[in-house]
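Chains, contacts and geometry: an overview
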Amino acid sequence: MSGSVDYDGLVHVLRGAADQVRVGADELGRLDAATGDGDHGVAMTRAMAAIEKGLEDCRTRSLKTLLQGVAWSVMSIDAGATGPLMGSLFMGMVDPVGEATEIDSERLASMFAGGLAKLRAVSKAEVGDKTMLDALVPAVEALQAAAAVGDSLAAALAAAATAAQTGAENTKNYRARFGKARNLGDRSLGHQDPGAASITLLFRGLADGAASLET
């Protein structure tokens, strides 16, 4: 299996994800304004700043310690449900990375599967409920499928980003069952969920960061 990242590579990839989400923050706010408070872009910007703080504060070159620091940093932000949900995603990656010094697509798929399980324990949402899980679940499934056939890290993340985008777009067809948007009933139809859109940006940034390391 080709295409793995070490400690410095993971830092680079995570910074790429943070940059991508920041670029899309205004659009996330616009999407959220249609069905909620309009502050999801701000919340995700805070989460990305917390990721970078976790990267900067790590004093070892342990992937496990790095991810633990990122997770706790994100969980600590004041941004409604975004902190606990995104923090849980990263915390769920800690055990699967173990004591590894490099991450290939197979290990990354296991890490995101662990992150998804941890987030689901916090969220209770399912696909079709118009939440970030509508993008995250297909992204993780695509990542697992790509890893199973030996795709590189960048290729697997690109497949995950594509799947996330499709999942996010599908939320236009769902009625919201969580958050303030759930009070809108049928009026939530036709609007893309901002949480799902943020997951798309996250995976797109991860994929771009990984691809830049392979060139």
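Nothing here was measured: the structure is a model prediction, and the numbers come from that model.

1. Brief notes about the overall build of the chain
- For the chain, the helix and strand inventory stands at 10 helices and zero strands.
- Relative to the 2.2 N^0.38 estimate, which gives 17 Å for 215 residues, the radius of gyration of the chain is 16 Å and therefore close to what a compact globule would have.
- Across the chain, every contact between residues at least 6 apart in sequence was considered, and the portion connecting residues at least 24 apart equals 70%.
- If you average the places of the 20 positive and of the 27 negative side-chain charges in the chain, the two averages end up 7 Å apart.

2. A few points about the environment of Gly38
- When you line up the elements, Gly38 lands in the loop between helix H2 (25–35) and helix H3 (40–57).
- Since its relative accessible area comes to 25%, Gly38 is described here as partly exposed.
- Sequence spacing of Gly38 and Pro194 is 156 residues, and the spatial spacing of their C-alpha atoms is 9.3 Å.
- Leave out the neighbours within four places in its chain, and Gly38 touches Gly29, Asp32 and Ala33.

3. Here's the deal with unusual backbone geometry
- One non-glycine residue, Lys124, adopts positive backbone phi at about 70 degrees.
- Tracing the backbone shows Lys124 in the loop between helix H7 (105–123) and helix H8 (133–148).
- Even without glycine at this site, Lys130 takes up a positive phi of about 65 degrees.
- Following the sequence through the fold, Lys130 ends up in the loop between H7 and H8.

4. Observations regarding the pattern of salt bridges
- Inspection of the entire model under this criterion finds seven salt bridges.
- The residue Glu52 makes a salt bridge to Arg22 at a minimum N-O spacing of 3.0 Å. One end of the pair, Glu52, is in helix H3; the other, Arg22, is in helix H1 (residues 7–23), with 30 residues separating them in the sequence.
- For Glu52, a relative accessible area of 15% puts it in the buried group.
- Taking the shortest distance from any N to any O, the salt bridge between Lys53 and Asp57 comes out at 2.6 Å. In this pair, Lys53 and Asp57 both sit in helix H3, four residues apart, roughly one turn of the helix.
- Taken together, the shared-partner salt bridges in this structure form one network comprising Asp19, Arg22 and Glu52.

5. Notes on the nonpolar core
- Counting 70 residues, the largest nonpolar core has Met86, Phe90, Phe112, Leu136, Leu157, Phe203 and Leu206 as its most contacted members.
- Those residues in contact with Phe112, other than ones at most four positions away along the chain, are Leu89, Met93, Val140, Leu143, Phe203 and Leu206.

What counts, and at which threshold
- Residues numbered from 1 in each chain as written.
- Predicted model: local features only at pLDDT ≥ 70, side-chain atom pairs only at ≥ 80, totals over all residues.
- Heavy atoms only, no water.
- Helix = DSSP H or I, 4+ residues; strand = E, 2+ residues; numbered from the N terminus.
- Rg over C-alpha atoms; globule rule 2.2 N^0.38 Å.
- Contact = heavy atoms within 4.5 Å.
- Lys, Arg positive; Asp, Glu negative; His and termini not counted.
- Charge placed at Lys NZ, Arg CZ, Asp CG, Glu CD.
- Buried < 20%, exposed > 50% of the residue type's maximum accessible area, 1.4 Å probe, protein only.
- Salt bridge = Lys/Arg side-chain N within 4 Å of Asp/Glu carboxyl O.
- Core = buried A, V, L, I, M, F, W, Y, C linked by side-chain atoms within 4.5 Å.

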